[in-house]
Amino acid sequence: MSRKDLLLDIQDLQVSIENNIILENFNLKVKKGEIHAIMGTNGSGKSTFSKVIAGHPAYSILKGNILFNEKSILEISPEERSHLGIFLAFQYPIEIPGVSNEDFLRLSYNAKQRFFNKPELDPIQFLQIVTEKMKLVNMSPSFLNRNVNEGFSGGEKKRNEILQMILLNPDICILDETDSGLDIDALKIISKGINNFMNQDKGIILITHYQRLLDYINPKYVHVMQKGKIIKTGSLELAKELEKKGYQQLFETS
């Protein structure tokens, strides 16, 4: 494997919160052009993993390393991680009363522009860009005038997350249960947006309980987590096996 193809390299990570070990000997490599799915029961450490990569301050890294584009990010702030190209779509996107979606998205976009010493966009310039991006997730421009996620349905919140992802154009995206609470139509729209975004220079990690998301977004690898570490890796067939037999049988034989 060429090191330059390696986007994310998580090495023997041990993580705790309030003196409880949550991740133990966690290892994962994601190359450019790869989609990985992480599955597991509640409490297996899936969401913890996503927050640690994004730099959530509540978690303590006791040992190991996280390399992004060959550089350690352990001492880098969440904001800088985002600017460098790490994106986390939340399982439960928060509402921000009093802040319009348009202002939020434009400020996020311009913050990244500033980080790379690129020109910021004024509202009219930004509107032209974001309106085109919204078509990819089947969102009406009227959503720009509403407060961030306030009064949005579950599907609308998830589409708003994917819109942010497309707009910010990160290198690696961690999508934490993006499929949860979605009906089949919303799932198809979200999946189409993700597939249109993906290319050979990017990586995606899908965190999910269910195989149904993987009917629309085909991962190269499927990993199963238990007690804070990956206990099995396979292809899409592994997800189909879990759908049929459940996790318990896998745990008993691992």
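For the structure, check the block above.
1. So, the sheet that holds strand 11 (residues 221-226)
- Read across the open sheet, the 6 strands follow the order 6-9-10-3-11-12; overall the sheet is mixed. The open sheet has two free edges, formed respectively by strand 6 (86-89) and strand 12 (229-234), since each of these has just one partner strand. Each strand axis lies, on average, 20 degrees off the axis of its neighbour in the sheet, ignoring direction.
- Sheet topology note: the strand 9 (residues 172-176)/strand 10 (residues 203-207) ladder contains 5 bridges and is parallel. Bridging across to strand 10, Leu 175 finds its partner in Leu 206.
- Of the strands in this sheet, strand 3 (35-40), strand 6, strand 9, strand 10 and strand 11 touch helix 1 (residues 46-54), which is tilted by about 145 degrees from strand 9.
- Along the sheet, helix 5 (residues 154-168) makes contact with strand 6 and strand 9, crossing strand 6 at roughly 170 degrees.

2. What about the pattern of salt bridges?
- Taken as a whole and judged by the stated rule, the model has 7 salt bridges.
- In this structure, Lys 29 and Asp 9 form a salt bridge, with 2.9 Å as the shortest nitrogen-oxygen distance. Separated by 20 residues along the polypeptide, Lys 29 in strand 2 (residues 20-31) and Asp 9 in strand 1 (residues 6-17) bring together distant segments of the chain.
- In this structure Lys 29 comes out as partly exposed when scored by relative accessible area, which is 40%.
- Residue Lys 135 is joined to Glu 132 by a salt bridge in which the shortest nitrogen-to-oxygen separation is 3.0 Å.

Parameters at a glance
Residues numbered from 1 in each chain as written. Predicted model: local features only at pLDDT ≥ 70, side-chain atom pairs only at ≥ 80, totals over all residues. Heavy atoms only, no water. Pairing = 2+ DSSP bridges. Helix = DSSP H or I, 4+ residues; strand = E, 2+ residues; numbered from the N terminus. Axes fitted to C-alpha atoms, helices over the stretch in contact; angles between N-to-C directions. Contact = heavy atoms within 4.5 Å. Salt bridge = Lys/Arg side-chain N within 4 Å of Asp/Glu carboxyl O. Buried < 20%, exposed > 50% of the residue type's maximum accessible area, 1.4 Å probe, protein only.

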